[in-house]
Amino acid sequence: MRFDLFYEMVMPDFLGRSDASAFQDCIAEVRLADSLGFNGAWFVEHHFSKNYSHLSKPDLLIAALSQCTQNLRLGLGVIPLPYHHVIHVAERIATLDILSKGRLEVGLGRGFSPQEYRVFGRDMQDSRALVEESLAILKLSFKNKPFQFDGRFYRFPEIEILPHGVQTPHPPLWGAAVSPQSFHLTGARGLHLLVGPFKPWFMVKHDIAQYRLSAPPQAEIGLTVGVVCLPDARRARELAGRALVWFYKELYKTVLPVLEKLYPGYEHYAELGRFRELIKHGANLTLLETFAMVVVGDAKTCIRALQKYEAHGVTRILCAFGAGALPSEIVRESLHYFSQEVLPEFK
């Protein structure tokens, strides 16, 4: 199991930082992780999500990071395909692959914000069909030769996507999944799996099993979790009690309408009632730990928690250190400690 960083670029008021300082902190942390033996770093794309996420152009951030890191894989996590013309997506992927010298990873998804769909002029009911058509065009573009397309949403004569990327046949492609049906579809599309921080582990275990039924044998599974790992377990919990709980409260303000639609597929799980309470009445650290949505404590505690994911086939952990809601000096402290005490246990 390998370990990546994960960034939403959150902006809690209690940190009192500007957008500019948040980006500089992110760059410094990623450069540090590059020197400490982490595998990669992933960057979301959200729009109009004040406080929760100020990262609307992750491709530009990856372009900058590609020039000041040497080893880390750099991931778009994820491109909401319905919001973007697929030809622009193909061109950006190829360019970033060149700039990163073949270190790019590409996550693809539908997006889940009704506001984003309205602003970008797309109908949410078309989202799955748009993803299917966009994915078909991307796969044609990776062949590095002219092609044409005549579909429902996109029609164009023979074109060739330029420049050509570095990785053969293309950068690793990952699919974001939230609903039980989307896990099966992600596997059937032949994509690696990205699981966001939305749902408790008892749901995710079920979803991973569904994904494996349709996925290629060597497919990877990436799981996003909030992490605060420090030598003093009590201090780690105190810090996480503010930072991670704040993050999940902001997260659920955004995704609650989506999660409510998922409940019928999980009614046979006894824990569902407690999870509903978590969402409706606000998260707390004990509940987040009970549902294995965060990893908090000293190295021994964190290793035990992470081994649970590994035992169920997770191959990549996307670590949201402090979920972006801790001062950068504490994040860097946690990165150092994690790299020294946790990473060696999974090599």
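As shown above, the structure is provided for reference.
As the structure is a prediction and not an experimental result, all values here were calculated from the model.

Okay, the nonpolar core next. Ranked by size, the top nonpolar core spans 118 residues in total, and within it Phe3, Phe38, Phe43, Leu306, Tyr309, Ile317 and Phe338 carry the most contacts. Ile317 has contacts with Met1, Arg2, Phe3, Asp4, Leu223, Val225, Leu306 and Tyr309, leaving out every residue within four places of it along the chain.

Residues Gly40 and Trp42 of strand 2 (residues 40-43) are buried on one face, and the alternating residues Ala41 and Phe43, pointing to the opposite face, are buried as well. Traced from strand 1 (residues 2-7) through helix 1 (residues 19-36) to strand 2, the parallel crossover comes out right-handed. Summarising the sheet, strand 2 and strand 3 (residues 73-80) pair through four bridges and their orientation is parallel. Bridging across to strand 3, Ala41 finds its partner in Leu74. Remark: the strand 2/helix 2 (residues 58-66)/strand 3 crossover connection has right-handed handedness.

Two elements in contact, helix 6 (residues 180-188) and helix 7 (residues 201-214), have axes whose closest approach is 7 Å; the angle formed by their N-to-C orientations is 30°. With respect to their mutual orientation, helix 6 and helix 7 come out roughly parallel. Between helix 6 and helix 7 lies a crossing whose hand is right-handed. Residues Pro180, Phe183, His184, Thr186, Gly187 and Ala188 of helix 6 touch helix 7, and the partners they reach there are Asp207, Ile208, Gln210, Tyr211 and Ser214. Here the contact of helix 6 with helix 7 is composed, by residue class, of five nonpolar, five polar and one charged.

Per the stated rule, a full pass over the model turns up zero disulfides. Here Cys26 stays unpaired: no disulfide links it, and the sulfur of Cys68, its closest cysteine neighbor, is 9.6 Å away. Here Cys229 stays unpaired: no disulfide links it, and the sulfur of Cys302, its closest cysteine neighbor, is 3.4 Å away.

How each quantity is defined
Residues numbered from 1 in each chain as written. Predicted model: local features only at pLDDT ≥ 70, side-chain atom pairs only at ≥ 80, totals over all residues. Heavy atoms only, no water. Core = buried A, V, L, I, M, F, W, Y, C linked by side-chain atoms within 4.5 Å. Buried < 20%, exposed > 50% of the residue type's maximum accessible area, 1.4 Å probe, protein only. Contact = heavy atoms within 4.5 Å. Helix = DSSP H or I, 4+ residues; strand = E, 2+ residues; numbered from the N terminus. Right-handed = clockwise from strand over helix to strand, strands pointing away. Pairing = 2+ DSSP bridges. Axes fitted to C-alpha atoms, helices over the stretch in contact; angles between N-to-C directions. Parallel < 35°, antiparallel > 145°, perpendicular 65-115°, else oblique. Left-handed = near helix turned anticlockwise from the far one by under 90°. Nonpolar A, V, L, I, M, F, W, Y, C, P; charged D, E, K, R; others polar. Disulfide = S-S within 2.5 Å.

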